[in-house]
Amino acid sequence: MKRRSVFHAVGTGKRVLAAAFALAGVTGAFAVWFVPNVYSRPGIPDYDQRRRDLPDHGNAYCVPTSCVDMLKYMSENGLPGMDGSFGNSYDDVTNFIFNLSVQMGTTTAHGTHSGPAFDVMFNWTNSRTNKLLVHTLYGASWDWGKGTIRNRIAEGAICRIGYGRYYNYGGSWHRDGGHSMALVGYNFSGSQDFFRVRDPAKADGDLDKQGDFVTEDYDTRNLTFTTTTWGRRTHAMCTLFTGDNGANNQRHVYDGMHCILPVFAGWLNTEVYTSGGPGPKPVPGKFKASPPPFTSTSPWNFGDPTPVTQSFTPFDTVVDWCYDIGMLGVFYITPAGKIYYANLTTGDHFFIQTIPGARKLVVAGTTLDLFVLASTNAGDTLVRLERDQMTLEEGKVMNIAVLRKTVALPGRASALDVDPFAGGVAVLSKDMDKVWSFGEDLLPKTTTPVSPPPSGSGEPIFRIDPAFGEIVYTRRGSSQFFAILRGGPSRGPRTSPSFAQGIESIELCGNGVVMVQDGGRLYTYDHAGQEVQTQLSGLAVNGPTKLIRSHVAADTSQMVGPEWRDVSPED
């Protein structure tokens, strides 16, 4: 079923994100966040991809066109300059689309590859603003469906959605072509669920004139099907014509999504005291009444500078936690090795499983699985828990242990982080003299020496920069941190902020910006060590802080074939 309506913007055109996070009530020990059943983001353009001055009249230019939709909206809602030097005339927009298409490698025969399109948008946005943004790419090889799509919109992300045309040959579904559109919102209020899109192929037929801006409502439902390339996968169906897509051996399935979200910072609230310098300083390991509440905030949002803040109370004291980079949620470990998940958008709270000795965790890999560092008397191990998104999509207990794999580490470990260059995770040795890197399959990749060791005796802090490949490390309480380029020499120490009460956390933002927490506040620096202004600069926090991070597909060898290309639009 398809609905079509001419769009007329109402009001200011700026979204009121607070409505998506309005506190509806409290169940048990955590807050429940209300996700509205109907939501539309006004103001996203609907530029035509079919233009006389584009190669083949733009028939294969859906990706750069829907990216222009996103960038034009962003430029008018708090990020001026996102449209580059291109104006608003018909020819200006044509040139903008063509400019992006050249950078993305778009061709008339094969359309646009999702990997280069993601990289171009990542670099384009990060080079044109001091606002920190999170980019996530969902691919055809992952399990995700309509619940994921809806949640990303409700979080406040600007999204481009792609679907593939799948044909059934001998019981398996083969992708032959696809299409890309800008997401506007959703309508889940009735018996049928709809996603609202700006479809660049739905024009007035005039190659020399822009058509009306139109919102298309496409009904959707989750389905599990077997693909010729990736095996059994769960995605959401995109119905574009009357009747069941599968009736004539064809299905249109959402199998690619690029989300751009303002950065979120999160921390566990600690007891505080005042000790020189500006304001309160967190005391590592000293918490308020058990368990301490968790806080997550985004200090700036598209078109609305009002901060968005969520909080929940964990079920027990937290040993370690991490953002779910595939969703706005949090995984955490308790002292008993129990692992929980809290979705900050919906308020859902799940028990995952118990891993004895679990003490560190991250979300990593192509499929955004959960990786856990565990310690026992026998030694340290890495555990991979594979995500099963279907159970979460259907509102059942989240099962993230469909596949569990464990590998023994070559020595004792102190810290864990995502390693996009290995395709999996990296571990800092206990002696802080080397980094072990592993692929998503937990096969060892490389060992990188690190030196010199930082001063002090605090807990090691260790991060890998996804943009530069640097290994950054220090200790809590230190006044310096070190950055080593993988395979190269140390760049020397970096001095912490001028008050130098002691570094509490470091995060790498993926665009050359380093966030340092010192003296109860956040500071942001470039890789030359110069302070830069972002929405996090000066933010007061009440505990060691982490950021939700961009996810650039780690294993580029999987980003090949027809599943990663959008070829031609619908007639």
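First things first, this report covers the structure right here in the doc. From a predicted model like this one, the values you see are computed outputs, not experimental measurements. (Residues numbered from 1 in each chain as written. Predicted model: local features only at pLDDT ≥ 70, side-chain atom pairs only at ≥ 80, totals over all residues. Heavy atoms only, no water.)

Okay, the side chain of K360 next. For K360, the position within the fold is in strand 22 (residues 358-364). When its relative accessible area of 13% is taken as the criterion, K360 is described as buried. Leave out the neighbours within four places in its chain, and K360 touches D320, I333, F371, V372, L373, S414, L416 and E459. (Helix = DSSP H or I, 4+ residues; strand = E, 2+ residues; numbered from the N terminus. Buried < 20%, exposed > 50% of the residue type's maximum accessible area, 1.4 Å probe, protein only. Contact = heavy atoms within 4.5 Å.)

Attention shifts here to the pairing of strand 34 (residues 503-508). The two faces of a sheet get side chains in turn, since along a regular strand they alternate between them. Most of strand 34 is tucked away, with six of its six residues classed as buried. Alignment of strand 34 against strand 35 (residues 513-518), held across five bridges, turns out to be antiparallel. Within strand 35, the position partnered with I506 by the bridge is V516. (Pairing = 2+ DSSP bridges.)

Let us look at the sheet that holds strand 24 (residues 379-385). Remark on secondary structure: sheet strands pair via backbone hydrogen bonds, oriented parallel or antiparallel. Judged by pairing direction, the sheet is antiparallel, and its four strands sit side by side in the order 22-23-24-25 without closing on themselves. Pairing within the sheet leaves two strands with one partner each, and these edge strands are strand 22 and strand 25 (404-408). Between one strand axis and the next, the sheet turns by 20 degrees as a mean value, whatever way the strands run. Bridge analysis of strand 22 against strand 23 (residues 369-376) gives six bridges, and the strand direction is antiparallel. Paired with V362 across the strands is F371, a residue of strand 23. (Axes fitted to C-alpha atoms, helices over the stretch in contact; angles between N-to-C directions.)

Attention now moves to the pattern of salt bridges. The tally for this structure, following the rule as stated, stands at 18 salt bridges. D417 is the partner of R549 in a salt bridge, and the nearest nitrogen-oxygen pair spans 2.7 Å. On the criterion of sequence distance, the pair formed by R549 in the loop between strand 37 (545-547) and strand 38 (565-566) and D417 in strand 26 (residues 413-419) is long-range, its members being 132 residues apart. In terms of burial, R549 and D417 fall into one category: buried. The partner of E507 in a salt bridge is R463, and the shortest N-O contact between them spans 3.0 Å. Placement of the pair is E507 in strand 34 and R463 in strand 30 (residues 460-464), with a sequence separation of 44 residues. A residue is classified by how much of its surface remains accessible, and R463, at 12% relative accessible area, is buried. One continuous salt-bridge network, built from bridges that share partners, spans K360, E459, R476 and E504. (Salt bridge = Lys/Arg side-chain N within 4 Å of Asp/Glu carboxyl O.)

Attention shifts here to the state of the cysteines. Across all of its chains, the model carries zero disulfides by this definition. Looking at C62, it has no disulfide partner, and the nearest cysteine sulfur is the one in C67, 9.5 Å off. Using a relative accessible area of 0% as the deciding quantity, one classes C62 as buried. As a non-bridged cysteine, C159 has C259 as the owner of its nearest cysteine sulfur, 3.5 Å distant. The class of C159 is buried, set by a relative accessible area of 2%. (Disulfide = S-S within 2.5 Å.)

Our focus in this paragraph is the packing of helix 2 (residues 90-104) against helix 3 (residues 114-126). Between helix 2 and helix 3, the least distance of the axes is 9 Å, while the angle of their chain directions is 115 degrees. By crossing handedness, the relation of helix 2 to helix 3 is classed as right-handed. Only P116, A117, V120, M121 and W124 of helix 3 make contact with helix 2, whose side of the interface consists of F96, N99, L100, Q103 and M104. Along the lines of polarity and charge, the residues of the contact of helix 2 with helix 3 split into eight nonpolar, two polar and no charged. (Left-handed = near helix turned anticlockwise from the far one by under 90°. Nonpolar A, V, L, I, M, F, W, Y, C, P; charged D, E, K, R; others polar.)

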